[in-house]
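Overview (structure and organization)
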Amino acid sequence: MPALLRRCLIYGVAALLALAGSSSRAGDRSDKVTLADALKKPYSDLFELAEQPQYSKAELNAVRGALTRGRELCVKQFKQKASEYEKEIERLQKQLKDQASRITAAERRDLHCRIQNLRALQAQAEMLAKHAIPIAYENRQAKLDLIEQWPVKFKEITAQLETGIYHGRRWGDVEDIGFREIEKDQHKDIKTGQDAIREMKSSGLMPREIENRLIIDYVNRVARTVSSHSDLKVPLKVTVLDSKEINAFALPGGFLFIERGLLEAVDDEAELAGVIGHELSHVVARHGHKLMTKAQIASFLLQAGQIAAVLFTGGATSFGAYALQYGFYGLGFVLDLNLLGVSRDFELQADQLGVQYTWASGYDPSGFIRFFDKMATTKGFVEGAAWFHDHPPFFDRMVEAEREITFLPRKPRAVVQTSEFEEMKRSLAELSANAAEDEKDKPSLKRPALDCPAPPVDAGSGQAIEAICSQGTQARGGW
Ligand SMILES: [Zn+2]
């Protein structure tokens, strides 16, 4: 990377460190957390920390500016890497062409492998620049907004509670879950879901199912607990897919899919229940049906077939296809978001209903917030990027989810963790280890065209944004 960019990064970090230091000295309370440290706290801590305003406008603005600059620099850095890989690919392709008649078969194969690996690296850098880094920065930004605005929101929510006005909110009749009508005719979506599944299976896009009985039974048990305390009126069908993508989705008509990567990423049963509650809510509110006409559904099914054709003939040309091919994206990026009912408005609705169903099932409803935060901070913002597709602003999602949790009557002994969850994790660890061994030479939905050594596709996995953005630079602990 150019020296100028490196200096900018270091400057950005130094400015922030200075700022963090001054805020702790200037604080009127000796135990005051610096703003830089506060931004690294989970949402649940911030909801408590920020009930009173603690930071000056100048402090907040300085950090906001640093975040904006950090995001720009980091995105630029990975865009630049992607274009360097592209140039290198072009250079090797030219070499192939120029020396076509002179090189040995082994040299040709070596060049092919180098090109293939560079394509993987290019797709990875573009994915980071386009999706993962913006997601992680947006999450930080949302925390900054929360620190600034939560004191006012908190007063507003407290007033809504005290006056009892909260009973009149949309879907405020939580004591009648299961007996109220969120949306008529859920059963009319069953055929749509079945068609989509058939199409995905026949085009080879659906990962294989997990066969481990203990894991299947466990996921079914949690999903059934949540669905029996929800407004779902169609039979629930649960499928656990053997894919490392951190994702879960529900197709219209009650078909819930949980991917192995999601089971690896959740840390307790309340988090898993929170995700399931959210997905089932899209089915309950018939979001897919509202977003898609019959003609659009048909065109999605056709498109799935086309994506498969591109992937399985090795004819991948676009960045998206490479990303799929090398396993950075999974089904989450193949599936039409409209079919899943994902839109900015509908996400907030699914968050609200999901929190209600998790609560009604006896789980700690804040599991959803904890999982969301973790996904956007470390574990998921790379492998789980599909989860954040077309999302409403994180700030709105977190405030609205917390508002709903505050309005729900307290339940004693809300479940966070169970011994069955831990047992499932033990089985999963064995399964994941075997899968990792299997995936070594085929890191994707589709094996790359050549039998080359696997490209280094895991950069960024499980790392915090600071570590990713400082890769290849001298800056450490920056933004
Ligand atoms: Zn959703």
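As the structure is a computational prediction, the values presented were derived from the model and not from experiment. (Residues numbered from 1 in each chain as written. Predicted model: local features only at pLDDT ≥ 70, side-chain atom pairs only at ≥ 80, totals over all residues.)

1. Quick word on the overall build of the chain
Scanning the chain for helices and strands turns up 20 helices and three strands. Within the chain, buried positions represent 45% of all 479 residues. (Helix = DSSP H or I, 4+ residues; strand = E, 2+ residues; numbered from the N terminus. Buried ≥ 20, exposed ≤ 12 C-beta atoms within 10 Å, placed from the backbone.)

2. A look at the environment of K130
Tracing the sequence through the fold places K130 in helix α5 (residues 105-163). Sequence separation of K130 and K79 is 51 residues, and the distance between their C-alpha atoms is 8.6 Å.

3. Focus on helix α18 (residues 394-407)
Relative to the 20 Å expected for 14 residues at 1.5 Å per residue, α18 spans 20 Å between its end C-alpha atoms, a close match to the ideal helical length. When we look at burial in α18, the residues that qualify are F394, F395, R397, M398, V399, A401, E402 and E404. Where α18 is buried, its residues touch α3 (43-49), α5, α15 (344-360) and α16 (367-377). (Expected span 1.5 Å × (residues − 1). Contact = placed C-beta atoms within 7 Å.)

4. With respect to unusual backbone geometry
Among all residues except glycine, the phi angle is most often negative; among peptide bonds, the trans geometry is most common. If you check the backbone angles, W171 has positive phi at about 55 degrees while not being a glycine. Counting through the fold element by element, W171 comes out in the loop between α5 and α6 (190-202). The class for W171 is partly exposed, based on 16 C-beta atoms found within 10 Å. The phi angle at D185 is positive, at roughly 65 degrees, despite the residue not being glycine. Here D185 shows up in the loop between α5 and α6. D185 sits in the exposed class, given 10 other C-beta atoms within 10 Å.

5. Points about the packing of α15 against α18
Following both chains from N to C, one finds α15 and α18 inclined at 30 degrees, their axes separated by 9 Å at the closest point. With respect to each other, α15 and α18 are oriented roughly parallel. Seen along the crossing, α15 lies across α18 with a hand that is right-handed. Here E347, L348, D351, Q352, V355 and Q356 of α15 come into contact with α18, specifically with D396, R397, E400, A401, E404 and I405. Residue composition of the contact of α15 with α18, grouped by class: four nonpolar, two polar and six charged. (Axes fitted to C-alpha atoms, helices over the stretch in contact; angles between N-to-C directions. Parallel < 35°, antiparallel > 145°, perpendicular 65-115°, else oblique. Left-handed = near helix turned anticlockwise from the far one by under 90°. Nonpolar A, V, L, I, M, F, W, Y, C, P; charged D, E, K, R; others polar.)

6. Let's talk about α5
The axis of α5 is deflected most strongly, by about 55 degrees, at Q149, and proline P151 appears within four residues downstream. G164 sits one or two positions beyond α5 and adopts a positive phi of about 80 degrees. (Bend = angle between axes of the 7 residues up to and from the residue.)

7. Notes on the pairing of strand β3 (residues 255-259)
For β3, a buried count of five out of five residues is recorded, marking the element as mostly surrounded by other parts of the structure. Where strand β2 (residues 248-251) and β3 come together, four bridges link them in antiparallel fashion. Opposite A248, over in β3, you have I258 as the bridge partner. The hairpin formed by β2 and β3 contains three residues between the paired strands, and G253 there has a positive phi angle of roughly 95 degrees. (Pairing = 2+ DSSP bridges.)

8. Considerations on the confidence of the model for the chain
Looking at the chain as a whole, the pLDDT averages 82, with 79% of positions reaching at least 70. Across the chain, element-level confidence peaks in helix α7 (residues 213-227) with a mean pLDDT of 98 and bottoms out in helix α1 (residues 3-26) with 38. Confidence drops under pLDDT 50 across residues 1-30; counting only partners more than four residues distant or on other chains, this segment forms 42 contacts. Low pLDDT, under 50, characterises residues 441-447; the predicted model gives this stretch 18 contacts beyond four residues in sequence or across chains. (pLDDT = per-residue confidence, 0-100.)

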